[in-house]
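# Structural overview for review
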Amino acid sequence: MRRRDLLTGVSAIGLGALLPAPAKARPSTWTGRRFSLSAARGLEAQLSAAAVAAPTPVALVDAARGCLWRGLVETMFTGRADAAVYERGQAFAEQCQRIATADAGGYFFEAIHRAKRAEIRGVVASVFELPTLQSLMGTVDRLAPGYGFGGTARFWGAVAAKTPAFLLRLKGSSLDEGDAYFRRAIQTAPGYAGNHVLRAPLLARMSGDRAARDSLRRAAAMPRDDNPAIEAWNRLYREQARRALAR
């Protein structure tokens, strides 16, 4: 699906690559972080404080990533999305771009946080964000193809999954084209459970609930990945899949 043909305002959750950050910013590493609401809030606060104190590109990207992690975990545990967390993450990402124009992370996480904020407003109300998201993800593809374990492909697949059918038709796009993005992301990072969690709504629209449940089961049963950065995110995605299956 051509990016310019997608109408968005939706989230492509959990797309970030986990890059190293200063040890002093966190007593536990990203790959060893605990999966709890209090831990997510504490980690984001530490990373944000570190980025304010020493705004290096790595610290700023980590702070943006920490805001994303907190937002996703808070939504899972409370059922509410906090736009202020995503606004803060977007600000860190934009600051990274200003001091490190060749760092893909700044552009990637600005797009993710913009999409999360747009999701809160609603898809149709957020169509105006599309040109900016296209530009940001295009820059990521140019600077670091495959960034975030196939993150840009996963992003556009998730956009297709949540875009109303009449908007897809209006732009000459299709769900099949959106699924091609997910297949690309799966090929790039076959052990990344988020591919299958985010693909499930698209499969539900294309083939029905059984296909969606199969995708969620695959995510829930995803074995431990040898890449600790992927495995850290998979703890979140496995739980998301289990909760979705229970519903």
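Quick look at the structure, then. (Residues numbered from 1 in each chain as written. Predicted model: local features only at pLDDT ≥ 70, side-chain atom pairs only at ≥ 80, totals over all residues. Heavy atoms only, no water.)

With that settled, the discussion passes to the overall build of the chain. Looking only at helices and strands, the chain features eleven helices and zero strands. Listing every helix and strand of the chain by position from the N terminus yields α-α-α-α-α-α-α-α-α-α-α. Burial analysis of the chain (247 residues in total) assigns 55% to the buried set. Long-range contacts, defined as pairs at least 24 residues apart, comprise 72% of the intrachain contacts of the chain with a sequence gap of at least 6. Split by element, the accessible area of the chain, about 10,400 Å² in all, is 54% carbon and sulfur. (Helix = DSSP H or I, 4+ residues; strand = E, 2+ residues; numbered from the N terminus. Buried < 20%, exposed > 50% of the residue type's maximum accessible area, 1.4 Å probe, protein only. Contact = heavy atoms within 4.5 Å. Areas by Shrake-Rupley, 256 points an atom, 1.4 Å probe, with all protein chains shown as cover.)

Looking now at the nonpolar core. Nonpolar side chains tend to gather and get buried jointly when the protein is soluble and globular. With 57 residues, the main nonpolar core has Phe 109, Met 137, Phe 155, Trp 156 and Trp 233 as its most contacted residues. Ranked by residue count, the leading element in this core is helix H2 (residues 57-78), at eleven residues. Ala 161, Leu 168, Leu 175 and Leu 198 belong to the second-largest nonpolar core, a separate cluster that totals eight residues. (Core = buried A, V, L, I, M, F, W, Y, C linked by side-chain atoms within 4.5 Å.)

Before going further, it helps to spend a moment on the packing of aromatic side chains. By the definition in use, this model includes seven aromatic pairs. Look at Phe 108 and Phe 109: their rings are 5.3 Å apart centre to centre, the planes differ by 85°, and that puts the pair in the edge-to-face class. You'll find Phe 108 and Phe 109 in the same group, each marked buried. Following the ring pairs from residue to residue traces out a cluster consisting of Trp 69, Phe 149, Tyr 192, Trp 233 and Tyr 237. Taking NZ or CZ as reference, Arg 243 lies 5.4 Å from the ring centre of Phe 77, over its face. (Phe/Tyr/Trp six-rings, centres within 6.5 Å; stacked < 30°, edge-to-face > 60°. Lys NZ or Arg CZ within 6 Å of the ring centre and 35° of its normal.)

With that out of the way, let us pick up the side chain of Glu 44. Here Glu 44 shows up in helix H1 (residues 37-53). Taking relative accessible area as the criterion, Glu 44 reaches 3% and is therefore assigned buried. Here Arg 70 takes part through its side chain, which lies 2.8 Å from a polar atom of the side chain of Glu 44. Not counting residues up to four positions away in its chain, the partners in contact with Glu 44 are Gly 66, Cys 67, Arg 70 and Arg 88. (Polar contact = N/O pair within 3.5 Å; in protein donor to acceptor, adjacent residues only side chain to side chain.)

This brings us to the packing of helix H8 (residues 175-188) against helix H9 (residues 194-207). Running from amino to carboxyl end, H8 crosses H9 at an angle of 155°, the nearest separation of the two axes being 10 Å. As judged from the angle between their axes, H8 and H9 are roughly antiparallel. Crossing geometry of H8 relative to H9 is assigned as left-handed. Across the interface between the two elements, Leu 175, Asp 176, Gly 178, Asp 179, Phe 182, Arg 183, Ala 185 and Ile 186 of H8 pack against Asn 195, His 196, Leu 198, Arg 199, Leu 202, Leu 203, Arg 205 and Met 206 of H9. Tallied by class, the residues present in the contact of H8 with H9 amount to eight nonpolar, three polar and five charged. (Axes fitted to C-alpha atoms, helices over the stretch in contact; angles between N-to-C directions. Parallel < 35°, antiparallel > 145°, perpendicular 65-115°, else oblique. Left-handed = near helix turned anticlockwise from the far one by under 90°. Nonpolar A, V, L, I, M, F, W, Y, C, P; charged D, E, K, R; others polar.)

The next point concerns the pattern of salt bridges. Under the definition given, this model contains 17 salt bridges. Of the charged contacts in the structure, one is a salt bridge between Glu 44 and Arg 88, with a shortest N-O distance of 3.0 Å. Placement of Glu 44 in helix H1 and of Arg 88 in helix H3 (residues 83-99) is noted, with a sequence separation of 44 residues between them. Overall, the relative accessible area of 30% leaves Arg 88 in the partly exposed class. A salt bridge links Glu 239 to Arg 243, with the shortest nitrogen-to-oxygen separation between them at 2.9 Å. On the criterion of helical spacing, the pair formed by Glu 239 and Arg 243 is a turn pair, its members being four residues apart in helix H11 (residues 228-246). Residue class for Arg 243 comes out partly exposed when judged on its relative accessible area of 29%. (Salt bridge = Lys/Arg side-chain N within 4 Å of Asp/Glu carboxyl O.)

Turning our eyes to something else, we now look at the environment of Cys 67. Mapped onto the fold, Cys 67 is located in helix H2. A residue is classified by how much of its surface remains accessible, and Cys 67, at 0% relative accessible area, is buried. In the structure, Cys 67 is positioned 21 residues away from Arg 88 in sequence and 7.1 Å away in space, judged by C-alpha atoms. Apart from the residues lying within four places of it in its own chain, the contact partners of Cys 67 are Glu 44, Ser 48, Val 85, Tyr 86, Arg 88, Gly 89, Phe 92 and His 113.

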